[in-house]
Each structure stands twice: as C-alpha cells, then as structure tokens.
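Understanding the architecture of this molecule
Now for the letters of each chain:
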Amino acid sequence: MINEFMFAMKTDIRFGRGLSASAGQIALEYGAKKVMLVADKGIRATGLPGRVEESLKAAGLEVINYDRIVPNPRLTDCEEGARQATAAKVNLLVAVGGGSSIDTAKAIAGMLGHGTTDFEVIRYPQPYEHDPYPLIVIPTTAGTGSEVTTCGVITDEKTQEKVYCYHPKCAPTVALCDPEVLMGLPAPIAASTALDALTHAIEGFVNKITSPVTESFGLHAIGFLAKNMRKYYYDRDIDACEAIMVGSLLGGLSFGYSDTGTVHSLAETIGGLYDTPHGVANAIFLADVCEYSLPANLPKYVAVAKALGAAVDGLSEREAAQAGVEEIRKLVADLNIPKFSTLDRIAEENLPFIAERCMRHVSNVDNPRVFTQDDFLHLLKKAYTA
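Below is a short write-up of the structure. This is a predicted model, so every value here is computed, not measured.

1. A few points about helix α9 (residues 262–274)
Because each turn of an α-helix spans 3.6 residues, side chains separated by three or four positions in sequence point in the same direction. The terminal C-alpha atoms of α9 lie 18 Å apart, and with 13 residues this matches the ideal 18 Å at 1.5 Å per residue to within 8%. Most of α9 is tucked away: 13 of the 13 residues are buried. Phi turns positive, to about 65°, at Asp275, one or two residues after α9.

2. Things to note about empty space enclosed by the protein
Going through the model one piece at a time under the given rule, you end up with one cavity of 30 Å³ or more. If you trace the largest cavity, you find it lined by Gly97, Gly98, Gly99, Ile102, Pro139, Thr140, Thr141, Ala142, Gly143, Thr144, Gly145 and Glu147. By residue class, the composition of the lining of the largest cavity is three nonpolar, eight polar and one charged.

3. Description of the pattern of salt bridges
All told, the structure shown has 26 salt bridges when counted by the stated rule. Arg74 is the partner of Asp77 in a salt bridge, and the nearest nitrogen-oxygen pair spans 2.9 Å. A salt bridge links Glu356 to Arg360; its shortest N-O distance comes to 3.6 Å. A relative accessible area of 28% means that Glu356 is categorised as partly exposed. A residue is classified by how much of its surface remains accessible, and Arg360, at 47% relative accessible area, is partly exposed. Because the salt bridges share partners, they merge into one network encompassing Asp288, Glu291, Glu326, Arg329 and Lys382.

4. Digging into the sheet that holds strand β3 (residues 62–66)
Ordered in space as β1-β8-β5-β4-β2-β3, the six strands form an open sheet in which the pairing is parallel. Only two strands of the sheet have a single partner each, and these edge strands are β1 (12–15) and β3. Ignoring strand direction, the axes of neighbouring strands in this sheet form an average angle of 20°. Examined bridge by bridge, strand β4 (residues 92–97) and strand β5 (residues 135–139) share five bridges and lie parallel to one another. Counterpart to Gly97 in the pairing with β5 is Pro139. Packed on one face of the sheet, helix α4 (residues 75–88) meets β2 (34–38) and β3 and runs near 160° to β3.

About the thresholds
Residues numbered from 1 in each chain as written. Predicted model: local features only at pLDDT ≥ 70, side-chain atom pairs only at ≥ 80, totals over all residues. Heavy atoms only, no water. Helix = DSSP H or I, 4+ residues; strand = E, 2+ residues; numbered from the N terminus. Expected span 1.5 Å × (residues − 1). Buried < 20%, exposed > 50% of the residue type's maximum accessible area, 1.4 Å probe, protein only. 1 Å grid on protein atoms, 1.4 Å probe; cavity = no way out; pocket = protein on both sides within 12 Å on 5 of 7 lines; lining within 4 Å. Points joined across faces, edges and corners; volume = space filled by probe spheres on them. Nonpolar A, V, L, I, M, F, W, Y, C, P; charged D, E, K, R; others polar. Salt bridge = Lys/Arg side-chain N within 4 Å of Asp/Glu carboxyl O. Pairing = 2+ DSSP bridges. Axes fitted to C-alpha atoms, helices over the stretch in contact; angles between N-to-C directions. Contact = heavy atoms within 4.5 Å.

In structure tokens, the structure reads:
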C-alpha cells in the first residue's frame, strides 16, 4: 500500500562551488533592504560570514549581525533575535552555519512574520497563520538538512525538552549549497554531521508515513553518503564535499517531508537534557535502532543494506538486512564517534529517566517498530555498556 501524499516544496535550492559569494544578489531578488546575518561565534571565526556580509553590503544592503547561538539553540535566544530584528526593522534574514544557526533563523523569521517576539505563537502544534520573513541559508556542516526542512528544533530551557516551529511555511526561502565551505570543517564535526545526514536518510526512507517521493530522496542519499563518508573524513577533496552536501540535502528532503523515527526520539531527548551534539547522539543509536526495527519492514532494510554497499549476495532477507546494520556499525567506528558512556553528565542512573522522556517524543510512533519504555531502556543500557 502506498500512503496518500502531497509534495509541495517552498525552498529555492541552488547548488554549486563558490555560490555563497552570490548571497547579496540573491537577497536582492527577494526584496531585501535590511538584513539580519545569523551565525554563531565559531563559524564567524572561519571568516565565511564576513565574506557573506561583504557580498550583502556590495549589493547595497544594510546588515546587522546576530550571534547568540549555541549547539542546541535555545528558545530565549531565538526570542532575543526576534526582538533585535524587530527593533532594527529587518526585512530578510541570512543564516550561515549548521543546523543551530539555521534553526535559530527559522524561529526568528517565523516570529517576525507573525509580528511577535514570543516563540509560543509559532510553537508546534500552533499553525503558521502568516508567512515568515524571507530566509536565505548557507549550510556549512552538511548534516542537518535544515536548509530544506519544514521545522526548526529548539531547546526549551525551562523543561529541557526539544520543541519545534513546524509548518510547510517554516522552510527556508533559499538554500545556497556551496560545497567549498566544507573543505575546512574539522574532522570530528564532519564525522558527526555526516552520520546525522545518514540517519536522516535512513529514517526518512523507512518511517511509516513516507511516500515514493521521500523514499527516493532517502535511498539516493544513503548511497551518496555511504560511498563518500570515509573519504570525506580521512582524505577530503572537493568531490567528496559535493557528494556529502548533496547527500545531506536529499536526506533533509526525505525526512523533512515525512518524519524521522526512534533514533531521533533518543537523540533529541538526550540533546535536550544534556546538550549532547545531535549528530553524535544519532550516530550512537542508529545501528541498534535499525537492528531492533528490522522485523517490522525487512524489505526496506535490505534496500538500506544494498545502498550502504553491504555484501548481500546469497544471504536470506533477514541476513541481508542485518548486514546493513553491521555496515553502519563499521562506519560509526571508522569515524571515531565517542562512546555513549563518555558523554558529559550522562550517568547510568539517569537511563530510566531518559527512557521515560523518550516515550514523549513525537517521532517514535512513525518508526517501523514502535518502542516501549522498556525497549528504550534496554537500548540505552546496551549503548552505555558498549
């Protein structure tokens, strides 16, 4: 059975080497007069946001900068950005960075479009009553897929939970995908974000509410990523950067227009509680969640295994699907992802509480096999003792 679906994209996607230098002219295409440039302090140290700012100013645009951004963006920082943008009478935003910068900018753009500085107005499940302000994004990590997704993931500091701004209108206006910006990305960040992209591609392909369109994006993304990830990590060149950026983009389209699954139930819960890097958390749990989920849809997991490049000739369907799980384990090990037990502030006695929190996550129900609280606790303990 094929799920009923519709597919309508908002985002203007542009891909090419050196494309980030055209930010100013593209901003003019979308009516920019005064721009807020959203980028965290770390990415500003690379000089890329400065070059983007030069492009904007060369196009005759006034620019104000916003850098109150952390790896798991905070609700209060998004609201502060909206206050500053409102006071400055900004009419377009440009975000340069990874998912944190882009999601922060999505939240700011959404609030501005609704004439508010209160995130609760656009907080899911609140619908978007108005269009956000135009948003141009330049992804620099090739992992989150946030440049094309219809949601922003924000941490509510009061509850330590991930919350969302979510609506088709939430997607960026323009995604400028420039693979050259990946050449200087530190190896640990390259590894975790690329595995984040792989998680998006796999979960976008196997989840219960996917469609033929999002399945196609996801399966193609798995191949792009798996074939190039070790090259990207150990011996990077521009061709590997192109492949990883396209894989991340396709993975974003796959899950962004369907859903993720139980890997994200774990990763986003842990990220909200302990500020764990999202890609690291996804990488830690991806193989185990896939292994537990295999019986719910063996044909899809066999397709995943083949896309990963696993040797499946002569194997039974179950053996072939398991070969894909083992391929994920090898990839995670080869990219030197840290062990769960080494992450900051996570103690073994916290695991039952984490398992209970995971049950609240919205994406668990769309995983091929829905996890119980005991299932979550079992996987958490397995990962902690690995």
